[in-house]
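Take a look at the letters that make up each chain.
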Amino acid sequence: GKTVLAIVPARKNSKRLKLKNFRIFRGKPLFYWPLSLSEKSKYIDNIVFTTDSQSMYSKAKKNFKIIDYIRPKNLAKSESMASDVILDVLKKISFKFDYFIYLQPTSPLRTIRDIDNSLKMIVAKKGNTLVSVTENSKKPNGMIYISKTSFYENKKSFYNKKIIFFKTPLRRSVDVDYIKDLDIAKINY
């Protein structure tokens, strides 16, 4: 009974691995996978794809039902903070959602079950935020971030006393920052 917005960020340039979000995994660019899973989720109502790449945006618009949103240039720099990108999306879209889920393209081994189970968990446990961590650790692995929208607009952070940790297996907790990470993801798929 809650409304959920997926926010998928994908800058054109990246510091460590050039054109990271365009890299191919299982025949599709990395940015394709979080959009595809968001569309298949039982609980996600709408998707915002936030990018500074016209090419990525056009491909996403052609293949998925996404809300019209253009990321401002000042939020597409390497030093741009994820929190500023999220807050800009929440401010500019015309309707409010109970929760949002932030899905970076750099976690290609994320599954639909990870998304749906984490959304069920935050609602059931009445948490403010949820962050995915690799099992046996409390270190975020970049796979899933969820927040109550009103909480995030107020606190501008996922970290608080009512945070929930969603554990994912080490084998699938790959965060692509370098070419070797992409190779590991391909081996573990």
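What comes next is a walk through the structure. Nothing here was measured: the structure is a model prediction, and the numbers come from that model.

What counts, and where the lines are drawn
- Residues numbered from 1 in each chain as written.
- Predicted model: local features only at pLDDT ≥ 70, side-chain atom pairs only at ≥ 80, totals over all residues.
- Heavy atoms only, no water.
- Core = buried A, V, L, I, M, F, W, Y, C linked by side-chain atoms within 4.5 Å.
- Buried < 20%, exposed > 50% of the residue type's maximum accessible area, 1.4 Å probe, protein only.
- Contact = heavy atoms within 4.5 Å.
- Phe/Tyr/Trp six-rings, centres within 6.5 Å; stacked < 30°, edge-to-face > 60°.
- Helix = DSSP H or I, 4+ residues; strand = E, 2+ residues; numbered from the N terminus.
- Lys NZ or Arg CZ within 6 Å of the ring centre and 35° of its normal.
- Pairing = 2+ DSSP bridges.
- Axes fitted to C-alpha atoms, helices over the stretch in contact; angles between N-to-C directions.
- 1 Å grid on protein atoms, 1.4 Å probe; cavity = no way out; pocket = protein on both sides within 12 Å on 5 of 7 lines; lining within 4 Å.
- Points joined across faces, edges and corners; volume = space filled by probe spheres on them.
- Nonpolar A, V, L, I, M, F, W, Y, C, P; charged D, E, K, R; others polar.

Looking at the nonpolar core
Moving on, step 1. Among the nonpolar cores identified, the biggest contains 37 residues, and Leu35, Phe49, Ile101 and Ile144 are the most heavily contacted of them.
Moving on, step 2. Beyond its immediate stretch of four places on either side in the chain, Leu35 contacts Val8, Ile47, Phe49, Ala60, Phe64 and Ile66.
Moving on, step 3. Listed in part, the 18 residues of the second largest apolar core include Ile86, Phe97, Tyr145 and Ile163.

Concerning the packing of aromatic side chains
Within a pair of aromatic rings, the relevant descriptors are the distance that separates the centres and the angle that separates the planes.
Moving on, step 1. For the structure shown, the criterion picks out 10 aromatic pairs.
Moving on, step 2. Between Tyr102 and Tyr145, the ring centres sit 6.3 Å apart and the planes meet at 65°, which makes this aromatic pair edge-to-face. With Tyr102 in strand 5 (residues 99-102) and Tyr145 in strand 7 (residues 140-148), this residue pair connects regions lying 43 residues apart in the sequence.
Moving on, step 3. Connected via pairs of aromatic rings, a cluster forms that spans Phe100, Tyr102, Tyr145, Tyr152 and Phe158.
Moving on, step 4. In this structure, Arg26 packs its charged tip against the face of Trp33, placed 4.3 Å from the ring centre.
Moving on, step 5. The positively charged end of Lys28 is found above the aromatic ring belonging to Tyr32, 5.1 Å away from the centroid.

A word on the sheet that holds strand 7
Sheet strands line up and pair through hydrogen bonds in the backbone, either parallel or antiparallel.
Moving on, step 1. Strand order in the open sheet formed by 6 strands is 4-1-5-7-6-8, and the pairing between neighbours is mixed. The two strands at the open ends of the sheet, each matched to only one other strand, are strand 4 (46-51) and strand 8 (163-168). For this sheet the average axis-to-axis angle between neighbouring strands, irrespective of direction, equals 20°.
Moving on, step 2. Note that strand 6 (residues 129-134) and strand 7 share 4 bridges and pair antiparallel. The partner of Thr129 across the bridge, within strand 7, is Ser147.
Moving on, step 3. Here helix 4 (residues 112-124) sits on the sheet and contacts strand 1 (4-10), strand 5, strand 6, strand 7 and strand 8; the angle it forms with strand 8, its principal contact strand, is near 155°.

Side note on the layout of surface pockets
Moving on, step 1. There is about 980 Å³ of room inside the largest pocket.
Moving on, step 2. Around the largest pocket, the lining is made up of 37 residues, and of these Lys20, Gln104, Thr106, Asp175 and Asp177 lie nearest the centre.
Moving on, step 3. Within the residue set of the lining of the largest pocket, elements represented by two or more residues are strand 1, helix 3 (82-92) and strand 7.
Moving on, step 4. Counting residues per element, the lining of the largest pocket draws most heavily on strand 7, at 4 residues.
Moving on, step 5. Tallied by class, residues from the lining of the largest pocket come to 13 nonpolar, 14 polar and 10 charged.
Moving on, step 6. Approximately 200 Å³ is the volume attributed to the second largest pocket.
Moving on, step 7. Every residue lining the second largest pocket is counted, 14 residues in all, and those nearest its centre are Arg26, Pro108, Arg110, Thr111 and Tyr189.
Moving on, step 8. Per-element accounting of the lining of the second largest pocket gives the leading share, 4 residues, to helix 1 (residues 32-40).
Moving on, step 9. Of the residues contributing to the lining of the second largest pocket, the split by class is 6 nonpolar, 3 polar and 5 charged.

Things to note about the pairing of strand 4
Moving on, step 1. When you tally the buried positions in strand 4, you get 5 out of 6 residues, the bulk of the element.
Moving on, step 2. Looking at chain direction, strand 1 and strand 4 are connected through 6 bridges and run parallel. Looking at strand 4, one finds that Ile7 is bridged to Val48.

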